[in-house]
Amino acid sequence: MSYIVPSEFVTKMVDAGESKVFMSTRDTLIRAFMAGAILALAAVFAVTITVQTGSPLVGAMLFPVGFVMLYLMGFDLLTGVFVLTPLALLDKRPGVTVNGVLRNWGLVFLGNFGGALTVAFMMAFVFTMGFSTDPGPVGEKISHVGEARTLGYAEFGAAGWFTIFLRGMLCNWMVSMGVVGAMISTSVSGKVIAMWMPIMLFFFMGFEHSVVNMFLFPSAMIMGGNFSIMDYMVWNEIPTALGNLVGGLAFTGLTLYTTHVRTAPKRALVR
């Protein structure tokens, strides 16, 4: 597996964050677009498997194939840059600024959304034979997910909103572990195994991922889901994205950086 110790791969995390801050607008958008599109296809794949087998566990076990593909290709998810780019700022890398980090987040958000929305239109067209038939069982499942994860939360008011926020935190705790997993090995098989485990966990547990939702909810609306764009933004995308930011940075980025880069002084030997 060619395992890399934490003190080494956390430095790689900071280096990656610095690189993303200085990446050109074109490259950032292309990489983010492709990441959003591939993750959207993986979501369709997982929902299709769940519907056909009747087993959500099987769908969750196979969903990580999309995450693995996009990270092996060097594409970027919003949930990943939420964790990596702030570390470069915290490490005081030359030229890394708050504006640079926010610029990266904004471009990745736009690229992810564009890729996910493109696949949403394509798959809605496929499911409905060019919008001329009912969407079928998989399309129906997607539309019901969209309703349950907006109006279902809205019924509980503030408690529902904070439930989404917490699910977003838990999601990116796991997803960011997958991002880090791509850095802890120099072999493809090692990277795949390390990425697969936390992604499977988040998907099966039904945690909220902002980029997956960029596909699920527009797709559901296209195929007749009974909720509005405002419902989607207020009762899912906004609290999910905020939760993804806090969870990934607090539980993964800062903890690893603090204890493996900015380590505390060694304990003095007591004689």
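In the annotation of an unreviewed UniProt entry, the chain is listed under the name Formate/nitrite transporter family protein and assigned to Stutzerimonas zhaodongensis. The record held by UniProt for the chain lists under Subcellular location (unreviewed entry) the comment "Membrane". On record in UniProt, under Sequence similarities (unreviewed entry), the comment for the chain is "Belongs to the FNT transporter (TC 1.A.16) family."

Participant: How would you summarise the overall build of the chain if you had to cite specific residues and measurements?
Facilitator: When you go through the chain residue by residue, the secondary structure sums to 12 helices and 0 strands. Here the chain has a C-alpha radius of gyration of 19 Å; the compact-globule value for 271 residues is 18 Å, and the two agree. Oriented by its inertia axes, the alpha-carbon framework of the chain measures out at about 75 × 40 × 35 Å. Separation between the mean location of the 15 positive side-chain charges and that of the 13 negative ones in the chain comes to 16 Å.

Participant: Describe the UniProt feature "transmembrane region" (unreviewed entry) in the chain, listing the residues and the values that go with them.
Facilitator: As recorded in UniProt, the feature "transmembrane region" (unreviewed entry) lies at residues 29–51, 57–84, 105–127, 159–184, 196–218 and 238–257. Annotated as 100% helix and 0% strand, the span residues 29–51 places its first and last C-alpha atoms 33 Å apart. In the segment residues 57–84, helix accounts for 79% and strand for 0%; the C-alpha atoms at its two ends are 30 Å apart.

Participant: Quick one: what's the story with the packing of helix H11 (residues 210–222) against helix H12 (residues 229–260), residue by residue and with numbers?
Facilitator: Between two packed helices, both the angle of their axes relative to each other and the distance between the axes serve to describe the pair. Contact pair H11 / H12: the axes reach a minimum separation of 10 Å and the direction vectors enclose 170°. Classified by the interaxial angle, the pair formed by H11 and H12 is roughly antiparallel. Every residue of H12 that contacts H11 at Ser210, Asn213, Met214, Phe217, Pro218 and Met221 is listed here: Ile229, Tyr232, Asn236, Glu237, Thr240, Ala241 and Asn244. The residue inventory of the contact of H11 with H12, partitioned by class, reads 7 nonpolar, 5 polar and 1 charged.

Participant: How would you summarise the layout of surface pockets if you had to cite specific residues and measurements?
Facilitator: Computed from the structure, the largest pocket encloses a volume of approximately 390 Å³. Every residue lining the largest pocket is counted, 18 residues in all, and those nearest its centre are Val47, Val145, Arg149, Phe203 and Gly206. Counting only elements with at least two residues in the lining of the largest pocket, the list comes to helix H2 (25–53), helix H7 (136–148), helix H10 (188–204) and H11. For the lining of the largest pocket, the residue count by class is 11 nonpolar, 4 polar and 3 charged. A volume near 230 Å³ is recorded for the second largest pocket. Residue assignment for the lining of the second largest pocket shows that the elements contributing at least two residues are helix H1 (6–21) and helix H4 (64–72). Its residues placed into classes, the lining of the second largest pocket shows 9 nonpolar, 2 polar and 5 charged.

Criteria and cut-off values
Residues numbered from 1 in each chain as written. Predicted model: local features only at pLDDT ≥ 70, side-chain atom pairs only at ≥ 80, totals over all residues. Heavy atoms only, no water. UniProt positions renumbered as here; feature names shortened; annotations may be inferred. Helix = DSSP H or I, 4+ residues; strand = E, 2+ residues; numbered from the N terminus. Rg over C-alpha atoms; globule rule 2.2 N^0.38 Å. Lys, Arg positive; Asp, Glu negative; His and termini not counted. Charge placed at Lys NZ, Arg CZ, Asp CG, Glu CD. Axes fitted to C-alpha atoms, helices over the stretch in contact; angles between N-to-C directions. Parallel < 35°, antiparallel > 145°, perpendicular 65-115°, else oblique. Contact = heavy atoms within 4.5 Å. Nonpolar A, V, L, I, M, F, W, Y, C, P; charged D, E, K, R; others polar. 1 Å grid on protein atoms, 1.4 Å probe; cavity = no way out; pocket = protein on both sides within 12 Å on 5 of 7 lines; lining within 4 Å. Points joined across faces, edges and corners; volume = space filled by probe spheres on them.

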